[in-house]
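# A structural walkthrough
Each chain, written out:
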Amino acid sequence: MSAVEEVQEHVEEKQIKKKIFKLDVRAYTMIVALIAIWLLFSLLNDAFLTPRNLSNLFLQMSVTAILAIGMVMIIVAGQIDLSVGSLVGLTGGVAAILNVWLGMHPVLVILLTVLLGALIGLFQGWWVAYRAVPAFIVTLGGMLIFRGILQGVTGSQTVAPLTPGLKILGQGYIPSPVGLGIGIVAIIITTYMIITKRNARIKYGFDVFSKTLTVSQIAIFCLIIIGYVMLMNAYQGIPIPILLVIFLAIIFTIIAKNTVFGRQVYAIGGNPEAASLSGINIKRRILTVFVLGNTLAAIAGLILTARVNAATTSAGTMYELDAIAACVIGGTSLMGGVGTIAGAVIGALVMASLDNGMSIMNIDVFWQSIVKGSILILAVWVDIYSRKRKRKK
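On a predicted model such as this, the values are computed, not experimentally measured, just so you know.

### Things to note about the overall build of the chain
- Each helix and strand counted, the chain has 16 helices and two strands in total.
- Over its C-alpha trace the chain gives a radius of gyration of 22 Å, about what one expects of a compact globule, namely 21 Å for 393 residues.
- With the principal axes as the frame, the chain shows a C-alpha extent of 80 × 55 × 40 Å.
- Considering the chain as a whole, with its 393 residues, one finds that 44% of them fall into the buried category.
- When the accessible surface of the chain is split by element, carbon and sulfur atoms take 70% of a total near 20,100 Å².

### Some remarks on helix α13 (residues 282–308)
- Taking 1.5 Å per residue as the helical rise, α13 with its 27 residues ought to reach 39 Å, and the 39 Å between its terminal C-alpha atoms agrees with that figure.
- Counting buried positions along α13 yields 19 of 27 residues, so the element is predominantly enclosed.
- Positioned one or two residues after α13, N309 has a phi angle of 60°, which is positive.

### Points about the environment of G262
- Along the chain, the position of G262 falls in helix α11 (residues 260–270).
- Remark: the alpha-carbon pair of G262 and S55, spanning 207 residues in sequence, is separated by 32 Å.

### Here's the deal with the pattern of salt bridges
- A full pass over the atoms with the stated rule returns two salt bridges.
- The shortest N-O distance in the salt bridge between K372 and D322 comes to 3.3 Å. With a gap of 50 residues between them, K372 in helix α16 (residues 365–392) and D322 in helix α14 (residues 319–329) connect regions that are remote in the sequence. Comparing K372 with D322 shows no difference in burial state: the two are buried.
- Of the charged contacts in the structure, one is a salt bridge between K372 and D355, with a shortest N-O distance of 3.4 Å.

### Points about helix α10 (residues 240–258)
- Over its 19 residues, α10 extends 27 Å from the first C-alpha to the last, a length consistent with the 27 Å expected when each residue adds 1.5 Å.
- All of the buried residues in α10 are P241, I242, V245, L248, A249, F252 and A256. The buried residues of α10 all sit within an arc of 125° when viewed along its axis, so they share a single face.

### As for the nonpolar core
- In this structure, F58, M61, I66, L67, I69, M73 and V289 are the most contacted members of the largest nonpolar core, which totals 89 residues.
- For V289, the residues in contact, after removing those within four places along its chain, are M73, I74, A77, F261 and V265.
- Core analysis: the next-biggest nonpolar cluster, separate from the first, contains five residues, I187, I194, C222 and I225 among them.

### What about the confidence of the model for the chain?
- Chain-level pLDDT for the chain is 89 on average; 92% of the residues reach the 70-or-more range.
- Low pLDDT (under 50) marks residues 3–13, which in the prediction has four contacts with non-local residues, meaning those over four places away or in another chain.
- Residue range residues 15–23 is modelled with pLDDT below 50. Its contacts to residues more than four positions away, or to other chains, number eight contacts.

### Remarks on the packing of helix α4 (residues 84–101) against α13
- As a packed pair, α4 and α13 sit with axes 7 Å apart at the nearest point and diverge in direction by 55°. In terms of orientation, α4 lies oblique with respect to α13. Taken as a pair, α4 and α13 cross one another with a handedness that is right-handed. Between α4 and α13, the residues in contact are V84, L87, V88, T91, G92, G93, A95 and A96 and N294, A297, A298, A300, G301, L302, L304 and T305, respectively.
- Taken together, the residues that form the contact of α4 with α13 break down as 10 nonpolar, six polar and no charged.

### Considering a nonpolar patch on the surface
- Taken together, L108, L112, L115, L119 and L122 make up a surface patch of nonpolar side chains, about 420 Å² in accessible area.
- Structurally, the position occupied by L112 is in helix α5 (residues 106–130).
- Judged by its relative accessible area of 34%, L112 falls in the partly exposed class.

### Some points on unusual backbone geometry
- In this structure, P161 follows A160 across a cis peptide bond, with omega equal to -10°.
- With respect to the helices and strands, P161 occurs in the loop between α6 (135–154) and α7 (164–171).
- Notably, S156 is not glycine yet its phi reads approximately 60°, a positive angle.
- The residue S156 is located in the loop between α6 and α7 in this model.
- Its identity is not glycine, yet N362 carries a phi of approximately 60°, on the positive side.

### Focus: the packing of aromatic side chains
- One pass over the full model with this rule turns up eight aromatic pairs.
- Residues W38 and F48 carry aromatic rings whose centres are separated by 6.3 Å and whose planes lie at 75° to one another, so their mutual orientation is edge-to-face. Within this pair, whereas W38 is found in helix α2 (residues 25–44), its partner F48 is found in the loop between α2 and α3 (51–76), the two being separated by 10 residues in sequence.
- The class for F48 is buried, based on a relative accessible area of 1%.
- On the basis of an interplanar angle of 75° and a centroid distance of 6.4 Å, the ring pair of F123 and W127 is categorised as edge-to-face. Highlighted residues: F123 and W127, both in helix α5, separated by four residues, approximately one helical turn.
- On the accessibility criterion, W127 (33% relative accessible area) is partly exposed.
- Among the aromatic side chains, those forming a connected cluster through ring pairs are W38, F41, F48, F58 and Y228.

Parameters and conventions
- Residues numbered from 1 in each chain as written.
- Predicted model: local features only at pLDDT ≥ 70, side-chain atom pairs only at ≥ 80, totals over all residues.
- Heavy atoms only, no water.
- Helix = DSSP H or I, 4+ residues; strand = E, 2+ residues; numbered from the N terminus.
- Rg over C-alpha atoms; globule rule 2.2 N^0.38 Å.
- Buried < 20%, exposed > 50% of the residue type's maximum accessible area, 1.4 Å probe, protein only.
- Areas by Shrake-Rupley, 256 points an atom, 1.4 Å probe, with all protein chains shown as cover.
- Expected span 1.5 Å × (residues − 1).
- Salt bridge = Lys/Arg side-chain N within 4 Å of Asp/Glu carboxyl O.
- Arc of directions from axis to C-beta.
- Core = buried A, V, L, I, M, F, W, Y, C linked by side-chain atoms within 4.5 Å.
- Contact = heavy atoms within 4.5 Å.
- pLDDT = per-residue confidence, 0-100.
- Axes fitted to C-alpha atoms, helices over the stretch in contact; angles between N-to-C directions.
- Parallel < 35°, antiparallel > 145°, perpendicular 65-115°, else oblique.
- Left-handed = near helix turned anticlockwise from the far one by under 90°.
- Nonpolar A, V, L, I, M, F, W, Y, C, P; charged D, E, K, R; others polar.
- Patch = residues over 30% accessible without salt bridge, like charges linked within 9 Å, V, L, I, M, F, W, Y side chains within 5 Å.
- Phe/Tyr/Trp six-rings, centres within 6.5 Å; stacked < 30°, edge-to-face > 60°.

Written out as structure tokens, the structure reads:
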């Protein structure tokens, strides 16, 4: 290779890096912010980065992460759902009643609870999509209705304790050898996906990293996976709720990025008029995202109830704001059309890290609310500011 060709290749490499970094700048920013938060709390309190506390941290973020995964799809479609917190409480309460009072088998309880979430999503989505009632109003009404139903069906009393078969959903851990096996499988799948994606981009003429950078990327992901597995195994193993979060995040990422439905949802949020003119059935798509979002809320309700081993009338209070905040912090635009599942999960981890760190430091609850609210406002401002800059360019 001549010196001119080497220089040209170097210039092209820099341009590719610049393009890809520009596309993922929000994701990189959130990762850096998360690392900064962890370093700050670890300096202020030695207990923050211990395996036990980090295991508890991931357990705490699981409910918010699952809600955020569903909320991303709803917000990307240009809608909003303020009822998911109350829905978490209602579905968790129903699950506890079926399990504790009626003595149903845990598997049947899970199936009926998830079905209830889907039916509620169908109900709310129908009002939004086919009766043109604003999602803000429908879900605000739902927030009040579901909380009222929860108080009615439970008689405003705590329903507990759950049977071990259901409790394991929120409190169980994967044994260390099994967790290590899952980590190895995850490394193989991650490596395969990165290589496959690179080959596909080359096939269609898109920019890609060099082989050296691709190998480095694979090595970093492998280190993260192995590091996480070893860290969790140092306590009790990988928490089952986190495995569920990872599974749902992968499934919904595939739906969002690799299916016609996912692309249509982004098109609806980006430009509803253009989406309608292109033949997309907007009503059906909006109905579907509410069904998916509320089904995930039911799963989150199961996990929360199983984790605390009880259903209470206050369960899920304000969780809808945590889910929305996680989405916005993770780069989802409230204007619609922009957002990623991975970003929402990172956002949920940021929110949980703040909660966990401030709780360890015994910071008053009112300060925790002030900090979280301020971060939400800042995240929305960053989104609006970045959109204005793009329009000017």
